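Take a look at the letters that make up each chain.
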Amino acid sequence: EKARIGVTGLAVMGRNLARNLARHGHAVAVHNRTFAKTKALVEEFGHEGTFVAAETAEEFVASLERPRRLVIMVKAGAPTDAVIEEFAPLLEPGDMIVDGGNAHFEDTRRREQALREKGIHFVGAGISGGEEGALNGPSIMPGGSKESYEALGPLLEDIAAKVDGEPCCSHIGADGAGHFVKMVHNGIEYADMQLIAEAYDLLRGGLGLGAAEISEVFRTWNAGRLDSYLIEITTEVLAHTDAATGKAFVDVVQDRAEQKGTGRWTVQTALELGVPVTGIAEAVFARSLSGSAGLREAAAGLPGPTVAKLGEEEAAGFADAIEQALYASKIVAYAQGFNQIQAAATEYGWDIDLGAVAALWRGGCIIRARFLNRIRDAFAANPQLPTLLTDEYFREAVAGAQDAWRRVVATAVRLGVPTPGFSSALAYYDALRAERLPASLIQGQRDYFGAHTYRRTDREGSFHTLWSGDRTEVED
Ligand code: NBP
């Protein structure tokens, strides 16, 4: 029997993806650079379905039905190129290579183009949900040609997470679109986590609550509009007690956040596209700052405010205000992330259905949340929505939250609790809605020192003032 699909690269992700396929009744060919892993997989999980173990690349390719579907799940970067180089010569026009690793979308664009010249479909597929998702249903973001999706879509949709019976998988767009959307997913994940961490810090610093009490606050929030995987795991982490010391787990963990780089990629790309993703950028910077041990040590004695905790009156309703600030800031972070996807779609010629992106993030992935239904509805109502903030639901939600949001940011500033996520989201909101920005002054400064010219509010054309002369205005 020929296998319907093959997976090469059998570390945690590939192995679980192969098992997921087998469990759904698809005969799956399995291959790994080191054969021991392939053998171990079949010995341990062979009973779960039909696995075809292949020791060599030739055996692997020969075991696949045509057109061949080959999924690569190896370490992103040079290993992916090495595997493509190994397999591409063994394939024929019409065959498909899926890269399920965390590739940079520019690499995916390059690989897609090179393989297209050989008639091979290259599908960069973002896969989210980690080990657990790979096994029980991830969120899948496949790019590549529409034609390839016709052959791959049914299989991928079959193994993807389901929400209300809908698979968390749909064709995103050509070449690197899938990996781009996965990258922004990860960036939004950074922003979400940072905002949750700020809420925790304020509950702690402002109200003096302990980890277990804060866990309960998050538990109640999770029953409402903030219902999400990340808030859910936050309640679990905060409620956890360290076995060795008997202290709250969060109090014995070093406060230095690490990162693997997808958040940084999102921000770098946003800078190239000129899209402010301040929520994601602040989250990436906050992790960097937390990890700057020497700098933090040197600055540890710097003076802070004299107010340490809120008075009784101020404390009343503060937790609820934080919930509102968190929700409003989260809306801003998502609005920015979707704007980045929109900008990339224009830049790279991708036809991306933003509502479908929101829908497929509802399950399987790390940012899965009830709130994504609202985003889907917003783009369904208006696919050309300039920003989520002008959608009726979100506009009302932010309008309702803004007094509390401002109170929280002001209080945080007064207490000296750093809230770069909450504060920058509010600044973005205020800048976006401003009738007039001080950018006119910046234009004046630029014209003064560099004759960069400016435009007037009352006339067409570009102008320059003779700043070092008699200050008359000349038309450029
Ligand atoms: P790793 O990223 O740890 O990669 C290990 C696999 O790559 C092994 O199968 C290894 O083969 C193979 N490999 C390497 Br390394 N160099 C190779 C080469 N030159 N030629 C052939 N094979 C090579 O595995 P993972 O954690 O399962 O992740 C796989 C992909 O999925 C990555 O791109 C990752 O970023 C992405 N991803 C991971 C997660 C997660 O939660 N872990 C979530 C979402 C996406 P060997 O056995 O012979 O050493």
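Here the structure is a predicted model, which is why all the values come from computation and not from measurement.

Cut-offs and rules
Residues numbered from 1 in each chain as written. Predicted model: local features only at pLDDT ≥ 70, side-chain atom pairs only at ≥ 80, totals over all residues. Heavy atoms only, no water. Helix = DSSP H or I, 4+ residues; strand = E, 2+ residues; numbered from the N terminus. Buried < 20%, exposed > 50% of the residue type's maximum accessible area, 1.4 Å probe, protein only. Contact = heavy atoms within 4.5 Å. Areas by Shrake-Rupley, 256 points an atom, 1.4 Å probe, with all protein chains shown as cover. Polar contact = N/O pair within 3.5 Å; in protein donor to acceptor, adjacent residues only side chain to side chain. Axes fitted to C-alpha atoms, helices over the stretch in contact; angles between N-to-C directions. Parallel < 35°, antiparallel > 145°, perpendicular 65-115°, else oblique. Left-handed = near helix turned anticlockwise from the far one by under 90°. Nonpolar A, V, L, I, M, F, W, Y, C, P; charged D, E, K, R; others polar. UniProt positions renumbered as here; feature names shortened; annotations may be inferred. Phe/Tyr/Trp six-rings, centres within 6.5 Å; stacked < 30°, edge-to-face > 60°. Salt bridge = Lys/Arg side-chain N within 4 Å of Asp/Glu carboxyl O. Near = heavy atom within 4 Å. Core = buried A, V, L, I, M, F, W, Y, C linked by side-chain atoms within 4.5 Å.

## Here's the deal with the overall build of the protein chain
No. 1: Within the protein chain, the regular secondary structure consists of 21 helices and twelve strands.
No. 2: Considering only C-alpha atoms, the protein chain reaches an extent of 80 × 70 × 45 Å along its principal axes.
No. 3: Here the protein chain holds 476 residues, and the buried ones make up 50% of them.
No. 4: For the protein chain, contacts bridging at least 24 residues in sequence account for 66% of all contacts bridging at least 6.
No. 5: On the protein chain, roughly 22300 Å² of surface is accessible, and the fraction owed to carbon and sulfur atoms is 51%.

## Side note on the side chain of S63
No. 1: As for its placement among the helices and strands, S63 is situated in the loop between α3 (57-62) and β4 (69-72).
No. 2: The class for S63 is buried, based on a relative accessible area of 10%.
No. 3: A polar atom in the side chain of S63 sits 2.6 Å from the backbone oxygen of F60.
No. 4: Dropping the residues within four chain positions of it, S63 is found in contact with K2, A3, A29 and V52.

## Some details on the packing of helix α8 (residues 177-207) against helix α16 (residues 318-348)
No. 1: Between α8 and α16, the shortest axis-to-axis distance is 10 Å and the interhelical angle comes to 165°. Taken together, α8 and α16 sit at an angle that is classed as roughly antiparallel. Seen from above, α8 lies across α16 with right-handed handedness.
No. 2: Looking at the contact of α8 with α16 residue by residue, the class counts come to 20 nonpolar, four polar and two charged.

## Topic: the UniProt feature "binding site: substrate" (unreviewed entry) in the protein chain
No. 1: Annotation from UniProt places "binding site: substrate" (unreviewed entry) at N102, S128, G129, G130, H185, N186, Y190, K260, R287, R446 and H452. For this annotated set, covering 351 residues, the C-alpha atoms extend up to 49.3 Å from each other, a dispersed arrangement in space.
No. 2: Along the chain, G129 turns up in the loop between β6 (121-128) and α6 (130-136).
No. 3: Residue G129 is classed as buried on the basis of its relative accessible area of 15%.
No. 4: What G129 contacts, discounting residues up to four positions off in sequence, is G364, C365 and I366.
No. 5: When you line up the elements, H185 lands in helix α8.

## A closer look at the packing of aromatic side chains
No. 1: Enumeration over the complete set of coordinates arrives at 16 aromatic pairs.
No. 2: Measuring from centroid to centroid gives 5.0 Å for F218 and W221, while their planes differ by 75°, and the two rings are edge-to-face. Taken together, the residues span about one helical turn, with F218 and W221 both in helix α9 (residues 211-221) at a distance of three residues.
No. 3: Under the relative-accessibility criterion, F218 is labelled buried at 0%.
No. 4: When the centroid spacing of 5.0 Å and the interplanar angle of 75° are considered together, the rings of Y393 and F394 count as edge-to-face.

## Re the packing of α16 against helix α19 (residues 392-415)
No. 1: The N-to-C vectors of α16 and α19 enclose an angle of 125°; their axes lie 7 Å apart at closest approach. In terms of their interaxial angle, α16 and α19 are classed as oblique. In this structure, the crossing between α16 and α19 has a hand that is left-handed. Taken together, the residues of α19 that come into contact with α16 (itself represented by F318, A321, I322, Q324, A325, Y327, A328, S329, I331 and V332) are Y393, F394, A397, V398, G400, A401, A404, W405, R407, V408 and T411.
No. 2: When grouped by side-chain class, the residues that make up the contact of α16 with α19 number 16 nonpolar, four polar and one charged.

## Considering the pattern of salt bridges
No. 1: Applying the stated criterion across every chain yields a total of 29 salt bridges.
No. 2: For R111, the salt bridge is made with D81, and the minimal N-O distance between the two is 2.9 Å. Here the residue R111 occupies a position in helix α5 (residues 105-116), and D81 occupies one in helix α4 (residues 78-87), the gap between them amounting to 30 residues.
No. 3: D81 sits in the partly exposed class, given a relative accessible area of 21%.
No. 4: R459 is paired through a salt bridge with E473; the nearest N and O atoms lie 3.6 Å apart. Taken together, the residues R459 in the loop between β10 (454-455) and β11 (462-465) and E473 in strand β12 (residues 473-475) connect sequence positions 14 residues apart.

## Structural notes on the site of the ligand
No. 1: Lining the immediate environment of the ligand, one finds 20 residues, of which M13, N32, R33, T34 and K37 sit closest.
No. 2: In this structure, R33 approaches the ligand through a side-chain N or O atom, which is 2.9 Å from an oxygen atom.
No. 3: Measuring from an oxygen atom of the ligand, one finds a backbone N or O atom of A76 at 3.4 Å.
No. 4: Within the complex, 75% of the 910 Å² of free accessible area of the ligand lies under protein.
No. 5: Taken together, the elements giving at least two residues each to the shell around the ligand come down to α1 (12-23) and α4.
No. 6: For the shell around the ligand, the element with the highest residue contribution is α4, accounting for three residues.
No. 7: Tallied by class, residues from the shell around the ligand come to eleven nonpolar, six polar and three charged.

## Overview of the nonpolar core
No. 1: Of all hydrophobic cores here, the largest spans 92 residues; its most connected members are F218 and W361.
No. 2: L10, L21, V123 and A134 belong to the second largest nonpolar core, which has 29 residues in total.

## Quick word on the environment of L385
No. 1: Positionally, L385 belongs in the loop between α18 (372-381) and α19.
No. 2: Of the residues examined, L385 reaches a relative accessible area of 5% and is grouped as buried.
No. 3: Taking the C-alpha atoms as reference points, L385 and L354, separated by 31 residues in sequence, lie 9.8 Å from one another.
No. 4: L385 has contacts with Q342, A378, F379, T390 and D391, leaving out every residue within four places of it along the chain.

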